[in-house]
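Reading the structure
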Amino acid sequence: MESVDSANSVDSAKSVESVVEHRLHPVTPLRRAWAPVAVLIGWAVHDPDQAQRQLTGLTTTSLLLGLAVILPTAALYGFLTWWFTHFAVTAAELRIRTGLIFRRTAHIRLERIQAVDVTQPLLARVAGVAKLRLDVIGTDKKDELAYLGEAQARALRAELLARAAGFAPGTAQEVGEAPVRRLLHVPAGVLAVSVLLTGATWATLAAALVVPPVLWLATHSLWTVLAAALPLFGAAGASSVGRFVGEYDWTVGESPDGVRIDHGLLDRAHETVPPGRVQTVRIVEPLLWRRRGWVRVELDVAGSSNSVLVPVAPRDIAESVVARVLPGVTVPPSLIRPPRRAGWCVPFWWRGYGLAVTDDVFVARHGLLRRSVALVPHAKVQSVRLEQGPWQRFQGLADVHVDTGANKTVTAHLRDADEAAGLLQAQADRSRTGRREARPDRWMA
């Protein structure tokens, strides 16, 4: 017995010794050195009058002495935070150790990792480095390692996914990055036309052109006009130019570790939609896209910020990609509208509501000008609720709400009350059966 215990202790000691800690890329101090400077900039923005008085009161000598103190302090801060930051991958977790004065060690269990994304801002692409971002179950904020060498980031991503899939630590590095098969690529011309045909773009632009002159005529206050105009022009830019830049060169591929998404003109992002973690898929069809047969596919993934699967594509191609995310699921060709008396509750717009239930998914539609069809796998339904307002009770109607694991709700609006009651019980039974028969979520299976 003693020899066995000693052997076990030797093995455990070897396993502890085999954990190798790494530092981030040497360019990281340049990024972190901006923190003290950012504090000063934040103070100046918060109180510009006081900052202006302080600056005008400084002599050239005082300003040079201040810079001589601030710049080396910022550089030293960036270097020390880089020097005291380490990470290591063990057999069960990713360990990140940080802290200059107060030490902090994050233990990220590999089986709780939802997705591992590699992002490259423009300056990071120039420097040849990348940021590794992790979606972890139970956390709202992404953990990240910034920055790593581009090749190191991809290798670490592949190793984390392999270990999360259950590969032994000795073979995880040998597995390498899983092969990918392209499913979809969005041409730049198609993306540009889709942006121009989006009603939100023109609505925000029209508001930005109309509201400021009206405010000027009403108030004659430049600050009031700027306070209204800048957010409106910012929203118009984000919904047009910002969307085009962010969704440029959008590519969707299929691999054993999930659906890969690569996109971005200035900042490149390499994201993964893990299999089995998708809670809801929404197929969105704006009014001006219907003549061309285009749709947009959005996602709700529990614990992940990945929300777009396909920015724009023909419906048949988009549905084929949806079938990869939800294996065995087909989008119903038609949905059943509410009864005509629903028009007394929601005039005209009730025609945009619809419902269908298949063996695999709960499907609900809403929207008349901008249609949105939501598909929820039965296994992902967390709860089902029936609600009736006073006027709905008078009309014999009810809403059925389906709550998912991504803290989202899909609603079948204005159904017949008897139909809604039956749907409530039937959906609860389908959800229990779906969770019992669902395969465990496993990457690279």
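Rules used in this analysis
Residues numbered from 1 in each chain as written. Predicted model: local features only at pLDDT ≥ 70, side-chain atom pairs only at ≥ 80, totals over all residues. Heavy atoms only, no water. Axes fitted to C-alpha atoms, helices over the stretch in contact; angles between N-to-C directions. Helix = DSSP H or I, 4+ residues; strand = E, 2+ residues; numbered from the N terminus. Parallel < 35°, antiparallel > 145°, perpendicular 65-115°, else oblique. Left-handed = near helix turned anticlockwise from the far one by under 90°. Contact = heavy atoms within 4.5 Å. Expected span 1.5 Å × (residues − 1). Buried < 20%, exposed > 50% of the residue type's maximum accessible area, 1.4 Å probe, protein only. Pairing = 2+ DSSP bridges. pLDDT = per-residue confidence, 0-100. Salt bridge = Lys/Arg side-chain N within 4 Å of Asp/Glu carboxyl O. Core = buried A, V, L, I, M, F, W, Y, C linked by side-chain atoms within 4.5 Å. Phe/Tyr/Trp six-rings, centres within 6.5 Å; stacked < 30°, edge-to-face > 60°. Patch = residues over 30% accessible without salt bridge, like charges linked within 9 Å, V, L, I, M, F, W, Y side chains within 5 Å. Areas by Shrake-Rupley, 256 points an atom, 1.4 Å probe, with all protein chains shown as cover. Arc of directions from axis to C-beta. Polar contact = N/O pair within 3.5 Å; in protein donor to acceptor, adjacent residues only side chain to side chain.

Below, the discussion takes up the packing of helix α9 (residues 188-196) against helix α11 (residues 222-247). Contact geometry of α9 with α11 gives a least axis separation of 10 Å together with a crossing angle of 155 degrees. Of the possible angle classes, the one that applies to α9 and α11 is roughly antiparallel. Considering the relative orientation of α9 and α11, their crossing is right-handed. Residues Ala188, Leu191, Ala192, Ser194 and Val195 of α9 pack against Ser239, Ser240, Arg243, Phe244 and Glu247 of α11.

With that settled, consider helix α10 (residues 199-219). Taking 1.5 Å per residue as the helical rise, α10 with its 21 residues ought to reach 30 Å, and the 30 Å between its terminal C-alpha atoms agrees with that figure. Among the residues of α10, those classed as buried are Thr201, Ala208 and Pro212. On its buried side, α10 packs onto α9 and α11. Once α10 finishes, His220 follows within two positions and takes phi at roughly 55 degrees, a positive value.

The next point concerns the sheet that holds strand β11 (residues 278-285). Strands sit in the order β13-β12-β11-β16-β15-β14 across an open sheet of six strands; the sheet is antiparallel. Of all the strands in the sheet, just β13 (308-314) and β14 (354-357) have a single pairing partner and so form its edges. On average, each strand axis in the sheet is tilted by 15 degrees relative to the strand beside it, whichever way the strands run. On top of the sheet, helix α14 (residues 417-437) reaches β14 and β15 (361-366); it is set at about 40 degrees to β14, its chief contact.

Here we come to the confidence of the model for the protein. In the predicted model, the protein carries a mean pLDDT of 82, and the fraction of residues at 70 or more is 83%. Ignoring residues within four places in sequence, the model shows residues 1-17, a span with pLDDT below 50, making zero contacts including any to other chains.

Below, the discussion takes up the pattern of salt bridges. If you walk through the whole model with that rule in mind, you get 20 salt bridges. The shortest N-O distance in the salt bridge between Arg371 and Glu285 comes to 3.6 Å. With Arg371 in strand β16 (residues 371-377) and Glu285 in strand β11, the pair connects residues that are 86 residues apart, well separated along the chain. For Glu285, a relative accessible area of 10% corresponds to the buried category. Each of Arg243, Glu247, Arg282, Arg296, Glu298, Asp300 and Arg370 takes part in a single network of salt bridges with overlapping partners.

A few words now on the nonpolar core. Core analysis: the biggest nonpolar cluster contains 35 residues, and Val278, Leu299, Leu309 and Leu375 have the highest contact counts within it. If sequence neighbours within four positions are ignored, Leu375 has contacts with Gln279, Thr280, Val281, Ile283, Val329, Val331, Val361, Phe362 and Val363. One finds Ile96, Leu110, Ala130 and Leu145 within the second-largest nonpolar core, a separate group that totals 22 residues.

In this section: the packing of aromatic side chains. Inspection of every chain in the model, using the stated rule, returns seven aromatic pairs. For the ring pair Phe79 and Trp82, a centre distance of 5.8 Å and an interplane angle of 50 degrees mean the geometry is tilted. Taken as a pair, Phe79 and Trp82 lie in helix α5 (residues 60-83) at a separation of three residues, close to a single helical turn. Looking at Phe79, the relative accessible area reads 38%, which means it is partly exposed.

A separate point is the sheet that holds strand β1 (residues 86-89). Spatially, β1-β2-β3 is the arrangement adopted by the three strands of the open sheet, whose pairing is antiparallel. Whereas interior strands pair on both sides, the edge strands pair on one side only; in this sheet they are β1 and β3 (104-109). Averaged over all pairs of adjacent strands, the angle between strand axes in this sheet comes to 15 degrees, irrespective of strand direction. Examined bridge by bridge, β1 and strand β2 (residues 93-98) share four bridges and lie antiparallel to one another. Bridging from a neighbouring strand, Phe87 pairs with Ile96 of β2.

This part covers a nonpolar patch on the surface. Together, Leu196, Trp202, Leu205, Leu209, Val210, Val214 and Phe233 give the surface a local cluster of nonpolar side chains, amounting to about 670 Å² of exposed area. The leading source of residues in the nonpolar patch is α10, at five residues.

With 21 residues, α14 ought to run about 30 Å at 1.5 Å a step, and its terminal C-alpha atoms sit 30 Å apart, in line with that. Taken as a whole, α14 has its buried residues at Ala420, Leu423, Gln427, Ser431 and Gly434. Projected down its long axis, α14 shows its buried positions confined to an angular sector of 70 degrees, all on one face. The exposed set on the far side of α14, more than 90 degrees from its buried face, consists of Asp418, Arg436 and Glu437. On its buried face, α14 sits against β14, β15, β17 (381-387), β18 (397-404) and β19 (409-416). Backbone nitrogen of Asp418 and a side-chain oxygen of the N-cap are separated by 3.1 Å at the start of α14; the cap is Asp416.

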